[in-house]
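Close look at the chain arrangement
For reference, the chains in residue letters:
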Amino acid sequence: MMLSVTENRLAQLAEDVRCDVHSRTQDADNDARRAEISRTFISPTKEMNEYAIRATLGDDVFFEPSTAALESHVAKLTGKEAGLFMPTGTMSNQVALRTHLQQPPYSVLCDARAHIYRMEGGGIAFHSGANVIPVFPENGHHLTWEDIEPRIVSGADVHIAPTRIISLESTLNGTVIPQEDVVAISKHVRDKGIIMHLDGARLWHVTVATGLSMKELCEPFNSISLCFSKGLVGHGLSYRLQAHPSGRAWRSGSARSSEEACDRRDTLQRQLQYALTHHFPLLPRVHALAKRMQEGLEEIGVGILSPAETCMLFYDPSAIGRAAQLPKPIYLNGSRLMMHIQTAGEAVEDFLGLMRQLKEEKAQAGWRGQQADRGKHREVYVRCGPWRGPRGLPA
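Report follows, based on the coordinates.

**Some thoughts on the overall build of the chain**
- Across its full length, the chain carries 16 helices and ten strands.
- With 395 residues in all, the chain has 48% of them scored as buried.
- Here the analysis covers contacts within the chain between residues at least 6 apart in sequence; of these, 74% occur between residues at least 24 apart.
- Accessible surface computed for the chain: about 19,500 Å², of which carbon and sulfur atoms make up 54%.

**Side note on the side chain of serine 225**
- Note on placement: serine 225 falls in strand β6 (residues 223-227).
- Judged by its relative accessible area of 2%, serine 225 falls in the buried class.
- At a separation of 2.8 Å, a polar atom in the side chain of serine 225 contacts the side chain of serine 92.

**Some points on the pattern of salt bridges**
- Per the counting criterion, the structure on display carries three salt bridges.
- Measuring nitrogen to oxygen at the nearest pair gives 3.8 Å for the salt bridge that ties lysine 187 to aspartate 191. Placement of the pair is lysine 187 and aspartate 191 together in helix α9 (residues 179-191), with a separation of four residues, close to one helical turn.
- Look at lysine 187 and you get exposed, because its relative accessible area is 55%.

**A few points about the pairing of strand β2 (residues 107-111)**
- Across the five residues of β2, five count as buried, placing the element largely inside the fold.
- As paired elements, β2 and strand β3 (residues 131-135) share five bridges and run parallel to each other. Residue valine 108 lies in a different strand from β3, and its bridge partner there is valine 132.
- Summarising the sheet, β2 and strand β4 (residues 163-169) pair through four bridges and their orientation is parallel. Opposite valine 108, over in β4, you have isoleucine 165 as the bridge partner.

**Observations concerning the sheet that holds strand β8 (residues 304-306)**
- Across the sheet, which stays open at both edges, the three strands sit in the order β8-β9-β10 with antiparallel pairing between neighbours. Strands at the two margins of the open sheet, each flanked by one partner only, are β8 and β10 (336-338). The average undirected angle you get between the axes of adjacent strands in this sheet is 40°.
- Judged from the two bridges that link them, β8 and strand β9 (residues 312-315) form a sheet pairing that is antiparallel. Its bridge partner lying in β9, isoleucine 304 is registered against tyrosine 315.
- Against the sheet, helix α15 (residues 283-300) makes contact with β8, β9 and β10, and its axis sits at roughly 20° relative to β9, the strand it touches most.

What counts as what
Residues numbered from 1 in each chain as written. Predicted model: local features only at pLDDT ≥ 70, side-chain atom pairs only at ≥ 80, totals over all residues. Heavy atoms only, no water. Helix = DSSP H or I, 4+ residues; strand = E, 2+ residues; numbered from the N terminus. Buried < 20%, exposed > 50% of the residue type's maximum accessible area, 1.4 Å probe, protein only. Contact = heavy atoms within 4.5 Å. Areas by Shrake-Rupley, 256 points an atom, 1.4 Å probe, with all protein chains shown as cover. Polar contact = N/O pair within 3.5 Å; in protein donor to acceptor, adjacent residues only side chain to side chain. Salt bridge = Lys/Arg side-chain N within 4 Å of Asp/Glu carboxyl O. Pairing = 2+ DSSP bridges. Axes fitted to C-alpha atoms, helices over the stretch in contact; angles between N-to-C directions.

Here it is as structure tokens:
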């Protein structure tokens, strides 16, 4: 039977549109790739993916049971009235800040190294029309009330932007803010009617490192962004936990593409549920690996820019450049070393072995090692070269 012109055209269009990304050896390929990248990146485990397939189906815009259950669980865990799923940490922070900032002028005070200030595309100005007051901590580690108090802007002068929010970050470059300082800041600023926000990028690590509960850590704050991607699971998914009725509206209106990215919340949140149950207990081992990495680097004489208090550290990368030449390569693009649940002890020892070899070679050329500058305002993010993906880094 001859196809009609319309059917022929449909067949042509279908051939153009067709996209099959699976290879005949897809499962084996995935296993090999997962083993390879686990030395540098983190990816969802097979068990997480299998768990996610069993998720309830739906769209959270209208109500999706599994997503609602996770939001409720995390809200209860942190002692807040409500939780809201976000596809990215940046969106989580920006929506939280925007719900607090109703009518300009206003300002947000934060650490000068904070993600919301340096790494979110100027989002505070773009989304909220707010000024940012960046403050360097006098102790070189974390903000204290003594750092914050003299920099708060207040008053009714029409020429100023009063400080409306104090935003802290934990961890910041892997370091933990002492809870007593957080509580002191919160007490002082709430007496002034100022809101507290927490970028809890690695708060899961903080509770493991300090023994404090999530509720204790979150109590001083009006809103919290919790990120699940930092060593716990393989996705940049965050929660904004705050009882503000406009949160969902701001999530929807912030970008349609972001809202559409949430349409599969049911599957993604199942992976988060799995990680909270099965991966959270693994974090002490991650911290031990980070400390082992720091000890090994210090033994060799490599400078440490920011110490391993949780899952990461920053080192002086000037002596490195050949990690990609290892039999099992480690791809580098800067000074941050991040450990996660899929990091093998072998990878840490391989890296340290490479550094020892480099030290020996440099020692023969007269290099004796030196302590890195860990001054109060030292930039810890040092790139080895332009980022071109994990296989494009300089060897």
